[in-house]
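A structural walkthrough
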Amino acid sequence: MPETTTVDYSTKIPNNVGLMDDQRVLKALEQWHPGYIDWWMTMGPAGFQTADVYLRTAVSIDPKGWAKFDYVKMPEYRWGILLAPRQEDRQVNFGTHKGDKAWQEVPGEYRAMLRRLIVIQGDTEPASVEQQRHLGKTAPSLYDMRNLFQVNVEEGRHLWAMVYLLQKYFGKDGREEAEGLLQRRSGDADKPRMLGAFNEETPDWLSFFMFTFFTDRDGKMQLESLAQSGFDPLSRTCRFMLTEEAHHMFVGETGVGRAIERTCKAMQEAGIEDPNDIAAVRKLGVIDLPTMQKKANLHFSLSLDLFGSEVSTNAANYYSSGVKGRFQETRIEDDHQLMSATYPVSKLVDGKVKMMDEPALTAINMRLRDDYVADCAKGVERWNKAIEKTGVKFKLALPHVAFHRGIGEFGNVKASPEGEVLSEAEWARRKDQWLPSKADGDFIASLMAPCWERGKFASWIAPPKAGIDNKPGDFEYVKVHQA
Ligand code: BYC
């Protein structure tokens, strides 16, 4: 079967890339499959592998109606290879090869670069599943549990997507890298995942929602940039991944939004006006807004580190070579080569944060990070509108980009959420005001009691506005008794 818009489910590995006619790759993927299932069973969602879960599975790559919903046991989910349709006349849209026909094979000189980018992207996908594997046990509702599992199986599929590229286009090295993706483990001292944020814990559901809001949004930005790639199979893969990614950010934004809604409502009902009266708010069995701010500070700053250094020759090379573009590259009005343009970069000068013009080519990471920050800010604004509507006087805010950073210009300094540079001693004295402390973590953990009755929600979170696939409020999204 040639490339199609519908997915061929007749093979063990569903696909729209004509795998049946590509025996070499089909065989490589079939050999990789048992290792993947083994990884899923040992590192995937703990405790629910035998339960029926109401999941969506991609059946087509047509943006309208690409998914179907049904009960599936997670290990039987049909992970497959799905690429957005090929555009015959697609070109390389930026860099020194601008105007050339997009590449259907890997150009020899960019092989190492492309492989590295694909491996980094691939590594994050299983990492997030590992980070989230214990959350099912404390799910605040069946609805939320189902969303967690949906995110997890799709991250698993995104790993398949990168493994397909490695195995089809990178020969022996690609097969070795595909194995490596199953060997590393989030948080493991000896064989950690590649990027910092993917070795952190996701200890509770508020972290999960913040992660899907902030870190999956980095995923969106990185995938958008890779979707611009002159290497057409990478572009097409990332374009389809983005359709799935949108739901993950929805889970994050509405998850935090529902926690906020519940807290504000509980405060109103109890007549508590001061959102900073943390002890009083916590007594209501909800998460106080200042603690939500701390969690946002943590996840935002960890996610900023995923953009690499503000000024990066790696990023410049990716761009000039045509392998990784800018966010919405084709909508930007400039020469798409950045020979002489500059871009303002935030830098530390004499202990103060200042904007300095740098060659736009080396400031690609900074630009993507700026686009990301703007996208995050819109979501935070929506949360603030919801708070305002309830009459509670509190505003969430994104911390300064210098706050709590491990990578880049601010990687070695301590700064407050307002961007004021601090001494180590000052930071140590005040950091618990800005980042979740042990006591905050313990309090949140105390609320993480499972709530698995149909249509019921844990004390700290409001129900969603609508069900998944228009299901009613008491729908049994996960048949937990089978687990
Ligand atoms: N941690 O020039 P630099 C997602 C290293 S999330 C550790 O500043 P570059 C998802 C870097 O490797 C999206 N090391 O950075 C979300 C380099 O090392 P070498 C994932 C780091 O290369 C939720 C050195 O520092 N996708 O999809 O321009 C759930 C200097 O590098 C880090 C991608 O990231 C770090 N944070 O940019 C599931 C896309 N940052 O070469 C999934 C692919 C930098 O000197 N990756 N280093 O040994 C890239 O585009 C780039 O590699 C990066 C870094 C943006 C990550």
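Higher on the page you've got the structure.
These remarks concern the structure in this document. (Residues numbered from 1 in each chain as written. Predicted model: local features only at pLDDT ≥ 70, side-chain atom pairs only at ≥ 80, totals over all residues. Heavy atoms only, no water.)

1. Let's talk about the overall build of the chain
Each helix and strand in the chain was counted, giving 12 helices and 6 strands. Relative to its length of 483 residues, the chain is compact, with a C-alpha radius of gyration of 23 Å against a globular reference of 23 Å. Across its three principal directions, the C-alpha atoms of the chain cover 65 × 60 × 40 Å. Looking at the chain residue by residue over its 483 residues, the buried ones come to 58%. In the chain, the share of contacts with a sequence separation of at least 24, taken over all contacts with a separation of at least 6, comes to 71%. (Helix = DSSP H or I, 4+ residues; strand = E, 2+ residues; numbered from the N terminus. Rg over C-alpha atoms; globule rule 2.2 N^0.38 Å. Buried < 20%, exposed > 50% of the residue type's maximum accessible area, 1.4 Å probe, protein only. Contact = heavy atoms within 4.5 Å.)

2. Looking at the pattern of salt bridges
It is possible for side chains of opposite charge to pair when their charged atoms get near one another. The tally for this structure, following the rule as stated, stands at 34 salt bridges. Its salt-bridge partner being Glu130, residue Arg193 comes within 2.7 Å of it at the nearest N-O pair. Placement of the pair is Arg193 in the loop between helix H4 (171–183) and helix H5 (205–227) and Glu130 in helix H2 (residues 111–131), with a sequence separation of 63 residues. According to the relative accessible area criterion, Arg193 is buried, its value standing at 2%. Residue classification places Glu130 among the buried positions, given a relative accessible area of 7%. Glu358 is paired through a salt bridge with Lys347; the nearest N and O atoms lie 2.8 Å apart. (Salt bridge = Lys/Arg side-chain N within 4 Å of Asp/Glu carboxyl O.)

3. A short note on the site of the ligand
Taken together, 30 residues are adjacent to the ligand, and Arg116, Gln121, Ser309, Ser312 and Lys324 come closest. In this structure, Gln121 approaches the ligand through a side-chain N or O atom, which is 2.6 Å from a nitrogen atom. Between the ligand and Thr124 there is a distance of 3.5 Å, counted from an oxygen atom to a side-chain nitrogen or oxygen. Looking at the shell around the ligand, the elements with two or more residues in it are H2, H5 and helix H9 (313–321). Element by element, the count of residues in the shell around the ligand is highest for H2, at 7 residues. Split into classes, the residues belonging to the shell around the ligand amount to 11 nonpolar, 12 polar and 7 charged. (Near = heavy atom within 4 Å. Polar contact = N/O pair within 3.5 Å; in protein donor to acceptor, adjacent residues only side chain to side chain. Nonpolar A, V, L, I, M, F, W, Y, C, P; charged D, E, K, R; others polar.)

4. Looking at the environment of Trp427
Summarising the element assignment, Trp427 is placed in helix H11 (residues 424–434). Owing to a relative accessible area of 7%, Trp427 belongs among the buried residues under this scheme. Through-space distance from the C-alpha of Trp427 to that of Arg217 is 28 Å; in sequence the pair is 210 residues apart. In this structure, Trp427 is in contact with Phe403, His404, Lys414, Ala415, Leu422, Trp434 and Leu435, ignoring residues within four places of it in sequence.

5. A word on the environment of Thr342
Mapped onto the secondary structure, Thr342 falls in strand E3 (residues 342–349). By relative accessible area, which is 49% here, Thr342 ends up partly exposed. Remark: the alpha-carbon pair of Thr342 and Ala360, spanning 18 residues in sequence, is separated by 4.3 Å. Setting aside chain neighbours within four positions, we find Thr342 in contact with Asp357, Glu358, Pro359 and Ala360.

6. Regarding the side chain of Asp123
Inspection of the secondary structure assignment puts Asp123 in helix H2. Classification of Asp123 as buried rests on a relative accessible area of 1%. In contact with Asp123, other than residues within four places in its own chain, are Leu181, Arg184, Arg193, Met194 and Leu195.

7. A few points about the packing of helix H6 (residues 232–270) against helix H10 (residues 364–390)
If you want to describe how two helices pack, look at the angle between their axes and the distance between the axes. Put simply, H6 and H10 touch, their axes get as near as 10 Å, and they point 20 degrees apart. What the angle tells us is that H6 and H10 run roughly parallel. For the pair H6 and H10, the crossing hand works out as right-handed. Together, Gly252, Glu253, Val256, Gly257, Ile260, Cys264 and Gln268 of H6 and Gly379, Arg382, Trp383, Ile387 and Thr390 of H10 make up the contact between the two elements. Across the contact of H6 with H10, the residue classes break down as 5 nonpolar, 5 polar and 2 charged. (Axes fitted to C-alpha atoms, helices over the stretch in contact; angles between N-to-C directions. Parallel < 35°, antiparallel > 145°, perpendicular 65-115°, else oblique. Left-handed = near helix turned anticlockwise from the far one by under 90°.)

8. Some words on the packing of aromatic side chains
Applying the stated criterion to the full structure yields 32 aromatic pairs. Centre to centre, the rings of Phe48 and Phe149 are 5.4 Å apart; their planes meet at 45 degrees, and the pair counts as tilted. Separated by 101 residues along the polypeptide, Phe48 in the loop between helix H1 (23–43) and strand E1 (52–58) and Phe149 in helix H3 (residues 142–169) bring together distant segments of the chain. Ring-pair connections join several aromatic residues into one group, and the members of that group are Trp32, Tyr36, Trp39, Trp40, Tyr77, Trp79 and Trp160. A cation over a ring is seen here: Lys479 above Tyr71, with NZ or CZ 4.2 Å from the ring centre. (Phe/Tyr/Trp six-rings, centres within 6.5 Å; stacked < 30°, edge-to-face > 60°. Lys NZ or Arg CZ within 6 Å of the ring centre and 35° of its normal.)

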